[in-house]
Every structure is written in structure tokens, then in C-alpha cells.
Amino acid sequence: MGLSLSRPLLYAFIPILAFLSLRARKRKNSNPRGLPLPPGPTPLPLVGNLFQMPQELPWVVYAEWAQKYGDITYFEVLGQPIAVLNNVKAITQVLEKKAVNTSDRLWMPIFDLLKLDWSFPFMAYNPFWKLHRKDFHQHLGPIQVQIYRPIIEDQTLRYARAMIANPQDFWEQARSWIGLTVMRVAYGIDDAAYNENLIVKAQAVNQGFSEASIAGRYLVNYIPWLKYVPSWFPGAGWRRHLDAIGKMSEEVSVVPFRDAKERVGRGDLDEHTSVVRRLIEDLPSESDPSYLERATVARNVAAIGYIAGADTSLSGAYALVLALAMNPEALKKAQAEMDAVIGSDRLPRAEDITRLPYVQAVVKENSRWHSIGPLSLPHLSMSEDEYEGYHLPKGTMFLPNTWAVMHDPKRFDDPLAFKPERYLKDGIINKDVLDPDNFANFGYGRRMCPGRFLAVEITRYFAMCMIMLFDITPRKDEHGNEIPLKLEVGSETICIPAPFEVDIRPRSAKHAALVNH
């Protein structure tokens, strides 16, 4: 009932499955032109393609299916139509050109248990969602994120000092760095103990969501009334697990905003401005009829700003360090460029990135090589639609296969290799090459992540500092041989590279002195 689906349990719910099957047939009757559905694997009676849903690296399986079925692979699970979009063409046609119909979200029953009603990315496409998007753009747009550069630079340099002092603790130091950075940007709190407590809980919430949203992982997503099973019921360990995450979800969305309001009310000043302070200062008076809604939106925007940003940025940072250790020539080229442009007498500044095309290419290639969200968050259609002569039923869940897009051998030569040069032409960024930051990594259409500009700011500055200040090499075993490195990920919605071992050392005493100055 919890983390996996068993056949005996499904057979116990045959009446429910029959009802879902009848509902699916009714949906098919709303196809007046009699268009065929897109091709896909053959379903079983009642359960559809439930037992064919891949649990391990599903994006790779879907990419393999695409070789047989084409741009769109269609299947159904217990009456829910699902269409995997496998390339740029299908994603552009369905999620961007038809965005007015395909920008909704599927609210899964498990989200109720995880208490994710505050989470902007999962909200339905409606006026309340648009209020959140408006606030995001006002406070985290491409110009506005520059306000937070002092925080990003300060926290990244703290991280560099920590790496010089204790280079063996790269993994945990990086986790702390990104968490503290995003917490300070979101809430302005420079209290490591306070932030660390919330960061740990936020990461648990992210992990819970990431596991829960894997298709087929939790039966409650297909039989909604299971969410009413009490936690004390025998065999309901899955419910107790989700309830614990739900409690943390409520805490991380409410507590820091409440504390920030109290600080603003007392007149306390933060060293640097934060998203939440600007949001609170923009609120109308509490007597205003719109206050409650505006305050709720402000609380949600601040929360998702750090909860969604922490794990995704951390995943990209881990992958970058791994890529540089695996590709020493790329690291040397990037270091040579930074030495020529910046020198060794000062630390990099955020604006330096515009004069560093090879470093830009390294960052872009890292985003392409490692797909943080291999399957982008699903979209939902609000009415029937068509795609190249195929019928797309109302309520179809669209899964954009971002990994397949960014590893398409027709678009990227040797797609599993790390090659920053693919983004360069005549010494400058080649804009004809598909940019993962503009298409893919941050979602599609009207549901593109509005926090993407902050994520790019953080990632670029981290990359500049790591490249300029450190040599990054594979760790050696007791015989002096390099321990092989490989990019390995799990099957969660947010993919973080599996732990790996590298040596990170200052390039010289002069470089170390820059950090400790």
C-alpha cells in the first residue's frame, strides 16, 4: 500500500478499477472526429499500463520508448491519460504553443498528506497562481536578483574558506552553503543554527515530494480514499511517513515567515535585503480586505523560493565539481581564461561572467550533461486537444522528458560526454545551440520556474569561485591510483548525483590568501 504496488492488493480494488475504466471510456467518447490516440505500449484491461510504468530511471526508458512510438508516447494508468513528450518539437507544440490549455497541474492525493497546498509549482492554473507568479517576477526577476549578489558572494566565500580549512568535508559543506545562501536571500536570517534547522527539514520535504511524485510509487495517488486510512492502522507505515513530512512542510512554510514579520514589526534591520522583507513591506495594512490573500501569497513565495531552490542548486553544484574532476582539460581551460581576464589579485565578481565565455560554456554544459529534473513537473490539459492528427483527451498529464531533450544524439554529438566546446563558436557563446537554462531545465511554457534567474546567479558565481580558486581532481586509493568517477543518479524527481570522492585544494598560497583576506 505504501512504497510499491502489489497485484493482490490491486485485485482487492477491482470495483474501483472498473469505475475508473468506465470513466476512461466516457472520456474517449468525447472525441467526435474519431482521431486515434498517440501510439504507446499496449494496456491491460482495467489497470491500463500500470505494471509497465518504469520505476528505475524512467526518463531513460521513455527515451527508449520514443524510438518505437515517436514524438509522443501515450499510455493510461487506472484511467489517467499520460503523454510523454520526448523532444523539442513535441514540447514546443504542446506546452508552449498550446499553453492556454496545457498549463494546469495534476493535484495528486499524496500532496494533501504532504501539506503542499502552499507550494506554488503544484497550484492549479488560476488567478491565485497568477498572483504568486506576479510576486515572483517582481522580486526574483533578472534585474531584481542582482540585489542579492552580496549575499551570494558572501556565502560562497564562506564556503571557500571552509573548503580550505577542511577539504575532506566537501559534500556536507556544499549542502550547508546552498541552504544558507538561499535562506538568507529568502528570509535575511544570518543565524547558522536557525537556518540549519529549517534547511534539514526543507530537504526532507523535498525528498518526500521527490519520492512521492514518481509515477506508480504510491497507490494512494490512484485510489484517493486511501488518504483517509489512519496512521495507526496496521500496514499504514507509509501514512506515518507522509504525516511526518507533512508536519515539517507546514513548519518550513509558516515559521520563518512568521519570524520575519516579527523582525520587521520590531524594526530590526538585516545586513542585506531579502525577498521576504520586500514582500512584507509591500503588504497593505491588516485592515485592508486584500491583506489575508496578499500575506498568504507572500508567505508562499518566500517559502518556495528557498525550498525549491536549495536542492536543485545543490544538485547542480555537485555535478559541476564532479564534471571538473572528470574533465581536467576543461578545468584547465576555464582556469586559464579566468587568469587572463581577472588575474590573481582579486576575487571574481558576479558581473565578470559576461567576459568569460568558456566558463559560461562550462556552466551550460553542466546543466545539459546533468539533468536535475529529468522529467519536468507534469502539465495537465483542461480540454481536449490534438497533435499532428492524434487526439489528446481532456485531463491528459503531459510528462516533458527533459533528459531526452538534452541527450538527443540528433542535437548533441556524443550526448553523454561533457564537452563545453559544444556551446562555443569563434570564441563566443553559440546561440544556435539549445540552451538548458532557456529551454528545459526550468520547465516549459507558462509554468517555467520564475526562480530560475536566482538559480543561475548562484550557480555562475559558485562556478567562477571553484574554477578560479581550486584544483579539483579524483581522489587516489592507497596504491596511488585515481578512484574512477562516474555520474550516477537515483530515480527521484529531483536528481542529486550519488556521493563521490574528489580532492579539492587551493591552486596556490596566493589563491588561498584571496579567500582569507
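Owing to the predicted nature of the structure, the values given are computational and were not obtained by experimental measurement.

Participant: Which parts of the structure should I look at to understand the pairing of strand E2 (residues 80-85)?
Facilitator: Every other side chain in a regular strand lies on the same face of the sheet, so the side chains alternate between the two faces. Burial runs high along E2: six of the six residues are buried. Every second residue of E2 is oriented toward a common face, with Gln 80, Ile 82 and Val 84 on one face and Pro 81, Ala 83 and Leu 85 on the other, all of them buried. Direction of pairing for strand E1 (residues 72-77) relative to E2: antiparallel, over a ladder of six bridges. Residue pairing across strands places Ile 72 opposite Leu 85, the latter belonging to E2. Counting the residues between successive antiparallel strands, the hairpin from E1 to E2 contains two residues, one of them, Leu 78, with a positive phi of roughly 50 degrees. Alignment of E2 against strand E6 (residues 397-400), held across four bridges, turns out to be parallel. Bridge pairing in E6 links Ala 83 to Phe 398.

Participant: What exactly am I supposed to notice about the packing of helix H13 (residues 291-326) against helix H15 (residues 357-369) here?
Facilitator: Angle between the axes and distance between the axes: these two values describe a pair of packed helices. With their axes 10 Å apart at the nearest point, H13 and H15 run at an angle of 110 degrees to one another. Viewed along their axes, H13 and H15 adopt a mutual orientation that is roughly perpendicular. Residues Gly 316, Ala 319, Leu 320, Leu 322, Ala 323, Leu 324 and Met 326 of H13 touch H15, and the partners they reach there are Val 362, Asn 366 and Trp 369.

Participant: What is the right way to read the UniProt feature "binding site: heme" (unreviewed entry) in the protein from this model?
Facilitator: The positions that UniProt labels "binding site: heme" (unreviewed entry) are, in the present scheme, Cys 449. By secondary structure assignment, the location of Cys 449 is in the loop between strand E8 (428-429) and helix H17 (452-469).

Participant: Teacher, can you tell me more about the sheet that holds E1 here?
Facilitator: Think of a sheet as strands paired side by side through backbone hydrogen bonds, with each pair either parallel or antiparallel. Strand order in the open sheet made by the four strands is E1-E2-E6-E3, with mixed pairing throughout. The sheet is open, and its two edges are formed by E1 and strand E3 (379-380), each paired on a single side.

Participant: Is there a simple way to explain the nonpolar core in this structure?
Facilitator: The tendency in soluble globular proteins is for nonpolar side chains to be buried side by side. In terms of nonpolar packing, the biggest core is built from 111 residues, with Phe 170, Tyr 187, Tyr 306 and Ile 472 touching the most fellow members. Considering each element in turn, this core owes the most residues, 19 residues, to H13. Excluding residues that lie within four positions of it along the chain, Ile 472 makes contacts with Val 321, Leu 324, Ala 325, Leu 331, Met 466, Val 502, Asp 503 and Ile 504.

Participant: Would you take a moment to explain helix H4 (residues 88-96) for this structure?
Facilitator: The periodicity of an α-helix, 3.6 residues per turn, causes residues three or four places apart in sequence to face the same way. Looking only at H4, the buried set comprises Val 88, Ala 90, Ile 91, Val 94 and Leu 95. In a view along the axis of H4, the buried residues occupy a sector of 160 degrees, so they form one face of it.

Participant: Teacher, can you tell me more about the packing of aromatic side chains here?
Facilitator: Aromatic rings in a pair are described by how distant their centres are and how their planes are angled relative to each other. Scanning the model with the defined rule gives 21 aromatic pairs in all. Here Trp 369 and Phe 418 contribute two aromatic rings whose centre-to-centre distance is 5.5 Å and whose plane-to-plane angle is 80 degrees, an arrangement assigned as edge-to-face. In this pair, Trp 369 sits in helix H15 while Phe 418 sits in the loop between helix H16 (402-406) and strand E7 (424-425), placing the two residues 49 residues apart along the sequence. Classification of Phe 418 by relative accessible area gives buried; the value is 8%. Site record: aromatic cluster; members linked through ring pairs are Trp 107, Phe 111, Phe 122 and Phe 209. Directly above the aromatic system of Tyr 125 lies the positively charged group of Lys 130, at a separation of 5.1 Å from the ring centroid. When the ring centre of Phe 412 is taken as reference, the NZ or CZ atom of Arg 368 above it lies at 5.1 Å.

Participant: Would you mind going over the domain arrangement of the protein with me for this structure?
Facilitator: Where interface size is quoted, it is often the accessible area lost as the parts come together. We note that the domain assignment places domain 1 (25-102 + 377-407) and domain 2 (118-372 + 408-514) within the protein. Taking only C-alpha atoms into account, the centre of domain 1 sits 29 Å from that of domain 2. Each partner contributes to the interface: domain 1 provides 25 residues, whereas domain 2 provides 33 residues. Taken as a group, Gln 55, Met 406 and His 407 account for 30% of the area that domain 1 buries against domain 2, more than any other trio of residues on that side. Connecting domain 1 to domain 2 are zero salt bridges.

Scoring rules and cut-offs
- Residues numbered from 1 in each chain as written.
- Predicted model: local features only at pLDDT ≥ 70, side-chain atom pairs only at ≥ 80, totals over all residues.
- Heavy atoms only, no water.
- Buried < 20%, exposed > 50% of the residue type's maximum accessible area, 1.4 Å probe, protein only.
- Helix = DSSP H or I, 4+ residues; strand = E, 2+ residues; numbered from the N terminus.
- Pairing = 2+ DSSP bridges.
- Axes fitted to C-alpha atoms, helices over the stretch in contact; angles between N-to-C directions.
- Parallel < 35°, antiparallel > 145°, perpendicular 65-115°, else oblique.
- Contact = heavy atoms within 4.5 Å.
- UniProt positions renumbered as here; feature names shortened; annotations may be inferred.
- Core = buried A, V, L, I, M, F, W, Y, C linked by side-chain atoms within 4.5 Å.
- Arc of directions from axis to C-beta.
- Phe/Tyr/Trp six-rings, centres within 6.5 Å; stacked < 30°, edge-to-face > 60°.
- Lys NZ or Arg CZ within 6 Å of the ring centre and 35° of its normal.
- Domains from an automatic or database assignment.
- Buried area = accessible area lost by both parts, 1.4 Å probe.
- Salt bridge = Lys/Arg side-chain N within 4 Å of Asp/Glu carboxyl O.

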